[in-house]
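Examining the three-dimensional arrangement
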Amino acid sequence: VTITTRLLVSHLSGIRHYEKDITKVKEEKEKANRALKLTKSHQHKEQKEKEGKGIEKTDCVKQKKEHDGETKSQNSKPGRKDKEFEQEEYYLKEKFESVIESLKIFKNDPLFFKPGSQFLYSTYGFTLLSAVVERASGQKFTDYMLKMFRDLDMLSTVLDDNEAMIYNRARCYVYNKKGRLVNAPYVDNSYKWAGGGFLSSVGDLLKFGNALLYSYQAGQFKNRNGKLLPGYLKPGTVAMMWTPVPKTEVSWDRDGKYAMAWAVVEKNQQYGCCRQQRHYASHTGGAVGASSVLLILPEELDPEALGTWPVAPPRGVIVTIICNMQSVSLNSTALKIAREFDKEKRAQ
């Protein structure tokens with residue numbers, strides 16, 4: 001088989017995640033699919049009943065607030081026990097000197113399926129991706145990333161190195177089996193720098209989101225006398241990164257598809273004054289003792305206003321939440337916050 005970088009970045013490679021038993025993975029997927037079908041069936045039944053009773057829906061705003069692509073995950077309660085965190089490899093304490101060395105954890109394991117045929121979220125797929133970056137750039141992956149963070153002015157974003165003295169590093173917490181709050185166990189994340197090995201701040205993640213949004217929109221604005229600087233990435237590159245990939249899925253929003261290292265919900269509305277999906281890109285993060293989300297809601301630009309200076313990118317809302325608590329679902333909260341700010345901007 002052939003595994004491409006595009007398959008890796010969209011989690012279609014067939015490389016395993018933390019669970020080594022493919023039977024358990026299939027069982028969990030089947031359970032999730034059954035639950036989704038039941039939910040959709042129930043919603044369809046309720047809709048039919050309302051139509052049959054002739055109930056007129058007038059409060060469109062309320063409907064949008066309650067639905068609008070927000071799907072609560074099964075782990076929405078803070079600190080709820082997540083089965084994924086029962087996997088031993090989450091708690092590795094071995095220090096790896098390079099990402100190439102860390103490939104030994106999974107390089108001899110069989111693929112779960114033919115690459116390109118199915119979706120399976122895989123942290124190790126991104127470990128392999130980081131090894132590709134290392135070989136292609138000719139430098140250590142961590143050095144390559146730290147230079148990129150400097151270019152983006154993300155000066156508070158560093159490696160989660162246990163030995164280093166990191167100013168303002170937060171303590172991380174988990175709930176134990178008795179439901180009591182305790183310190184998170186010691187782990188060494190050098191085996192997965194690309195999949196959860198960096199520390200950052202809300203300010204830095206906002207800079208990262210704005211840099212991406214600026215790059216995405218820069219090509220749509222007229223460059224007045226060279227005043228508009230180019231984005232860090234080409235507009236076409238970000239558009240490609242935010243284009244949904246077939247056969248993928250997203251656990252934190254069922255309206256979404258996975259793209260290239262991002263989950264994307266596309267703009268969609270089938271009926272007037274009814275449920276509406278806004279285009280946005282997001283990604284959640286889960287690690288031992290921590291949870292996070294970065295959500296980008298681009299503004300729906302008016303083509304007639306694009307040439308009017310000083311209206312310039314980035315145009316939209318960026319929301320990021322970092323929580324030093326394990327297994328906290330944050331995407332739906334971030335989406336609600338983004339919608340409130342977006343509504344205020346449109347009202348002005």
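It should be emphasised that the depicted structure is a prediction, and the values quoted were computed from it without experimental measurement.

Moving on to the overall build of the protein. Secondary structure summary: the protein contains ten helices and nine strands in total. Counting only residues that meet the buried cut, the protein has 38% of its 348 residues in that class. Across the protein, contacts joining residues at least 24 apart in sequence account for 68% of those joining residues at least 6 apart. As presented, the protein carries roughly 20600 Å² of accessible surface, and 52% of it is formed by carbon and sulfur atoms.

Turning our attention to the packing of aromatic side chains. Within this structure, the stated rule accounts for eleven aromatic pairs. Between the aromatic rings of Phe119 and Tyr258, the centroid separation amounts to 5.6 Å while the plane-to-plane angle is 45°, which identifies the pairing as tilted. Within this pair, whereas Phe119 is found in the loop between helix 4 (99–102) and helix 5 (123–137), its partner Tyr258 is found in strand 5 (residues 257–258), the two being separated by 139 residues in sequence. Summarising the burial analysis for this pair, Phe119 and Tyr258 share the class buried. Judged by centre distance (6.4 Å) and plane angle (50°), the ring pair of Tyr124 and Tyr191 falls under tilted. Taken together, the residues Tyr124 in helix 5 and Tyr191 in the loop between strand 3 (181–183) and helix 7 (193–196) connect sequence positions 67 residues apart. The pair Tyr124 / Tyr191 is uniform in exposure class, with both members buried. An aromatic cluster of three or more residues is present, and its members are Tyr18, Phe85, Tyr90, Tyr91, Phe106, Tyr124 and Tyr191.

Within the open sheet, the five strands sit side by side as 5-6-7-8-9. Their pairing is antiparallel. Both edges of this open sheet fall to strand 5 and strand 9 (316–323), since each of them pairs with a single strand only. Pairing of strand 6 (residues 263–265) with strand 7 (residues 280–287), which is carried by three bridges, proceeds in the antiparallel orientation. When the sheet's bridge partners are listed, Ala263 is paired in strand 7 with Ser282. Along the sheet, helix 8 (residues 202–218) makes contact with strand 8 (290–298) and strand 9, crossing strand 9 at roughly 150°.

Okay, the nonpolar core next. In this structure, Tyr124, Leu212, Trp242, Trp262 and Ile296 are the most contacted members of the largest nonpolar core, which totals 40 residues. For this core, the secondary-structure elements that each account for two or more residues are helix 1 (5–9), helix 5, helix 6 (141–151), helix 8, helix 9 (235–241) and strand 8. The greatest single-element share of this core, amounting to four residues, is contributed by helix 5. Residues lining this core come from more than one domain, with at least three contributed by each of domain 1 (1–35 + 83–176 + 188–197) and domain 2 (200–347). The residues touching Trp262, leaving out its near neighbours within four places in the chain, are Phe208, Leu212, Met241, Trp242, Lys257, Ala281, Ser282, His283, Leu294 and Ile296. Judged by nonpolar contacts, the second largest core, of 14 residues, contains Tyr280, Val317, Val319 and Met325.

A cis geometry characterises the amide bond from Pro313 onward to Pro314, with omega recorded as 0°. Mapping Pro314 onto the fold places it in the loop between strand 8 and strand 9. Backbone geometry places Asn168, a non-glycine residue, at a positive phi of 65°. Taking relative accessible area as the criterion, Asn168 reaches 67% and is therefore assigned exposed. A positive phi angle, near 65°, is found at Ala261, a position not held by glycine. As for its placement among the helices and strands, Ala261 is situated in the loop between strand 5 and strand 6.

On the secondary structure map, Asn331 appears in helix 10 (residues 331–347). Look at Asn331 and you get buried, because its relative accessible area is 2%. For Asn331, the contacting residues outside a window of four places in its chain are Trp252, Asp253, Tyr280, Ser282, Thr284, Val293 and Leu295.

Regular strands place side chains that alternate from one sheet face to the opposite one. Where strand 7 and strand 8 come together, seven bridges link them in antiparallel fashion. When the sheet's bridge partners are listed, Ala281 is paired in strand 8 with Ile296. Turn length for the strand 7-strand 8 hairpin, with the two strands adjacent in sequence and antiparallel, is two residues, and the turn residue Gly289 shows positive phi of about 85°.

Scoring rules and cut-offs
Residues numbered from 1 in each chain as written. Predicted model: local features only at pLDDT ≥ 70, side-chain atom pairs only at ≥ 80, totals over all residues. Heavy atoms only, no water. Helix = DSSP H or I, 4+ residues; strand = E, 2+ residues; numbered from the N terminus. Buried < 20%, exposed > 50% of the residue type's maximum accessible area, 1.4 Å probe, protein only. Contact = heavy atoms within 4.5 Å. Areas by Shrake-Rupley, 256 points an atom, 1.4 Å probe, with all protein chains shown as cover. Phe/Tyr/Trp six-rings, centres within 6.5 Å; stacked < 30°, edge-to-face > 60°. Pairing = 2+ DSSP bridges. Axes fitted to C-alpha atoms, helices over the stretch in contact; angles between N-to-C directions. Core = buried A, V, L, I, M, F, W, Y, C linked by side-chain atoms within 4.5 Å. Domains from an automatic or database assignment.

These values are about where atoms sit, not about what they do.
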